[in-house]
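# Working through the structure, step by step
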Amino acid sequence: MARHHAMILLALAAVQISHAFLAPSLGLSPQTPPLPRAVDRGKGGRGEVVGGLRMQEEGNFFSKFTRTIVEKAKADVERTKRLFSGLEGLRGEMSVIDELLGYWNLADADQTLQQLEDALITRDFGVKTSVKICDELRERVKTGSIAKPSDIRQAMKDTIVEILEGGGSTDLILDDNKPAVLMMVGVNGGGKTTSIGKIANRFAKEGKTVMLAAGDTFRAAADAQLEEWCKRAETVMAPRSNAKSPAAVMFDAIDGALKDEVDVLIADTSGRLHTNVGLMTELSKVRGVFEKKMPKKPMEILLVVDSTQGQNVLNQARGFNEAVGITGLVLTKLDGTSKGGVVVSIVDELKVPIKFIGVGEGIEDLLLFDAKEYVDALFP
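Residues numbered from 1 in each chain as written. Predicted model: local features only at pLDDT ≥ 70, side-chain atom pairs only at ≥ 80, totals over all residues. Heavy atoms only, no water.

### As for the overall build of the protein chain
Scanning the protein chain from terminus to terminus reveals 13 helices and 10 strands. Buried positions account for 47% of the 380 residues belonging to the protein chain. Put simply, 73% of the contacts in the protein chain that link residues at least 6 apart link residues at least 24 apart. (Helix = DSSP H or I, 4+ residues; strand = E, 2+ residues; numbered from the N terminus. Buried < 20%, exposed > 50% of the residue type's maximum accessible area, 1.4 Å probe, protein only. Contact = heavy atoms within 4.5 Å.)

Rendered as C-alpha cells:
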C-alpha cells in the first residue's frame, strides 16, 4: 500500500509540474493547482485518504484511479487553455480597469471608484450593476478592508463572482425520466442552432442518445442546418412532421422521443424578435405543449444570446423571460467583439443563471459556465 501511495503522489506531482509549465502561456499564476477531491460515498468505505482522495485496497483499482486522475487533469488544463484563449479579446477590454486600479491609493479612493464605475458602464456592465459593484467597494474602503491596489482588485473580483453566483445554480435542470428536455429560444442570428449542435455533442460524448427537433416552420433551411449538426454530433433528428405550426411540430417530436426512448430531446424553436407579441405568444404555446404532454416534468428553457450585442441582450432576456420563463442563458461569441460585462448585468437584473458560454467556433468551444473561472479569466 505504501508503494501505491508513493506512485499516486508522483502522479499528482507530475500534473502540478505540467500546470507550472503551461501556466505562463495561459496568463496564469504558476502556483500549484488544488488537488481534486473525491465525492463522499458515505461511511464504511474501505481504504484511507491520500491527498484528499480515498484509496481503495483492491489490486486493480489503483491503475484505473491513476489514469482517471491524469485524464481529468489533462481535461482541466485543456478547458482552461480554451477559456483563456477564447476570452483573450475580453481581457484586452478589461486591461483599462487593471491599469486604473494599479495606481489606486486611499487618498484618491473616491475619484478612482468613480472612474471605475464609468469604465464598467462602458464595458456593458450596465449602470445599475456598475453602481452596485462600486458601492460595495466604497463600503469596504470605509471598513478598512481595502488598503492597497491588490485589495481593491480582489474585492472587485469577489463582488462580481457574488453577483454571478446570485443567479442560481448552473446545474442543468434535467431528470432521469426519458427524455430529458431542453427547449432553446432566441432571436435570429444569436447562434441558437449552432449552440444546440454543440450541446448535443456534449451529451453524445457522455454516451447519451440525443434527438434534435426542428421547430422552425418559417425558414426553409432550418431542418437542413440542424440535420448537419446531427451528423457532426452523431445524434438523430426527430421524425419529420407535416404539422404547420411550431407547437404542433413539437407535439409530434415529443411522441417520437417517447417512442424511441431517447435520453435527451433538444427542441430548436424558430428565431423570433422579443418585441413581436404574436411570435412570443406562439412560443408560449410551444412550452404549453411540453407541459401538456409531460406534466410536472422539469425542463431547461435556455435563451441563446449574442454577447456582442451588449445591453440589447438584456432587453431580449426580459422579453423571453416574460413569455416563457427562461431557466438559463447560453452566451455565444464571447470570443468576438463582446465587452464581457453584459454577462454580469443580465444575471444581476434577472437572477437567471448562465449555463453555457461560447468561446470559439469549434464544436468543443461551448463550455459549462463557472463564475469564478470566468472572472479569473477576465482578471488573471
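### Regarding the sheet that holds strand β6 (residues 264-269)
Sheet architecture is open: 8 strands sit in the order β5-β4-β6-β3-β7-β8-β9-β10, paired in mixed fashion. Either end of the sheet is taken by a strand with one partner, and the two such strands are β5 (236-237) and β10 (366-368). By the bridge criterion, 3 bridges tie strand β9 (residues 354-358) to β10 in an arrangement that is antiparallel. When the sheet's bridge partners are listed, Ile-357 is paired in β10 with Leu-367. Its contacts with the sheet put helix α7 (residues 192-205) on β3 (180-185), β4 (210-215), β6, β7 (300-306), β8 (328-332), β9 and β10, and the angle it makes with β6 is roughly 175 degrees. (Pairing = 2+ DSSP bridges. Axes fitted to C-alpha atoms, helices over the stretch in contact; angles between N-to-C directions.)

### Things to note about the packing of aromatic side chains
In the structure shown here, the tally under the stated rule is 1 aromatic pair. An angle of 55 degrees between the planes, with centres 5.5 Å apart, marks the rings of Phe-369 and Tyr-374 as tilted. Residue Phe-369 is classed as buried on the basis of its relative accessible area of 6%. Tyr-374 gets classed as buried once you look at its relative accessible area, which sits at 1%. Between the NZ or CZ atom of Lys-293 and the centre of the ring of Phe-251, over which it lies, the distance is 4.0 Å. (Phe/Tyr/Trp six-rings, centres within 6.5 Å; stacked < 30°, edge-to-face > 60°. Lys NZ or Arg CZ within 6 Å of the ring centre and 35° of its normal.)

### Some thoughts on α7
Across its 14 residues, α7 extends 20 Å between first and last C-alpha, which sits within 8% of the 20 Å expected from 1.5 Å per residue. Those residues of α7 that sit buried are Lys-192, Thr-193, Ser-195, Ile-196, Gly-197, Lys-198, Ile-199, Ala-200, Asn-201 and Phe-203. Positive backbone phi, at 90 degrees, marks Gly-207, one or two positions downstream of α7. (Expected span 1.5 Å × (residues − 1).)

### Considering the nonpolar core
Counting 76 residues, the largest nonpolar core has Leu-116, Leu-164, Phe-290 and Ile-357 as its most contacted members. Per-element tally for this core: the top contributor is helix α6 (residues 149-165), with 7 residues. Setting aside residues no more than four positions away along its own chain, Phe-290 makes contact with Val-181, Met-183, Met-250, Ile-254, Leu-265, Ala-267, Pro-295 and Met-299. Counting 19 residues, the second largest nonpolar core, distinct from the first, contains Leu-182, Ala-200, Leu-226 and Cys-230. (Core = buried A, V, L, I, M, F, W, Y, C linked by side-chain atoms within 4.5 Å.)

### Digging into unusual backbone geometry
Looking along the chain, the bond that leaves Lys-178 and enters Pro-179 is cis, with omega of -5 degrees. With phi around 55 degrees, Glu-234 is a residue other than glycine that occupies positive phi space. Phi at Lys-351 is positive, roughly 55 degrees, even though this residue is not glycine. Its location among the elements puts Lys-351 in the loop between α12 (341-350) and β9.

### Quick notes on the confidence of the model for the protein chain
Per-residue confidence for the protein chain gives a mean pLDDT of 76, with 70% of residues at or over 70. Here strand β2 (residues 53-54) is the element of the protein chain with the lowest mean pLDDT, 37, and helix α5 (residues 127-143) is the one with the highest, 93. Predicted confidence for residues 17-74 stays below pLDDT 50, and this span has 71 contacts to residues more than four positions away or in other chains. (pLDDT = per-residue confidence, 0-100.)

### Considering the pairing of β4
Along β4, 6 of the 6 residues are buried, which leaves the element largely enclosed by surrounding structure. Residues Val-210, Leu-212 and Ala-214 of β4 are buried on one face, and the alternating residues Met-211, Ala-213 and Gly-215, pointing to the opposite face, are buried as well. Bridging between β4 and β6 involves 6 bridges; their strand directions are parallel. Residue Val-210 lies in a different strand from β6, and its bridge partner there is Val-264. Pairing between β4 and β5: 2 bridges, direction parallel. Paired with Met-211 across the strands is Val-236, a residue of β5.

### Observations concerning the environment of Pro-149
Mapped onto the secondary structure, Pro-149 falls in helix α6. Along the chain, Pro-149 and Asn-105 lie 44 residues apart, while their C-alpha atoms are 6.9 Å from each other.

### Focus: helix α4 (residues 109-122)
Taking 1.5 Å of rise per residue, 14 residues should cover 20 Å, and α4 covers 20 Å from first to last C-alpha, within 8% of that figure. Every buried residue of α4 is accounted for by Ala-109, Thr-112, Leu-113, Leu-116, Glu-117, Ala-119 and Leu-120. All buried residues of α4 project into a common sector of 165 degrees when viewed along the axis, lining one side. For α4, the exposed residues lying more than 90 degrees away from the buried face are Asp-110 and Gln-111. (Arc of directions from axis to C-beta.)

### A closer look at the packing of α5 against α12
As a packed pair, α5 and α12 sit with axes 9 Å apart at the nearest point and diverge in direction by 90 degrees. The orientation of α5 with respect to α12, classified from their angle, is roughly perpendicular. Contacts from Lys-128, Thr-129 and Lys-132 in α5 reach Val-344, Ser-345, Asp-348 and Glu-349 in α12. For the contact of α5 with α12, a count of residues per class yields 1 nonpolar, 2 polar and 4 charged. (Parallel < 35°, antiparallel > 145°, perpendicular 65-115°, else oblique. Nonpolar A, V, L, I, M, F, W, Y, C, P; charged D, E, K, R; others polar.)

### Description of the pattern of salt bridges
Applying the stated rule across the entire model yields 20 salt bridges. Lys-157 serves as the salt-bridge partner of Asp-376, at 3.0 Å between the closest nitrogen and oxygen. With Asp-376 in helix α13 (residues 371-378) and Lys-157 in helix α6, the pair connects residues that are 219 residues apart, well separated along the chain. Judged by relative accessible area, Asp-376 falls into the partly exposed class, the value being 25%. Connected via shared salt-bridge partners are Glu-117, Asp-135 and Arg-138. (Salt bridge = Lys/Arg side-chain N within 4 Å of Asp/Glu carboxyl O.)

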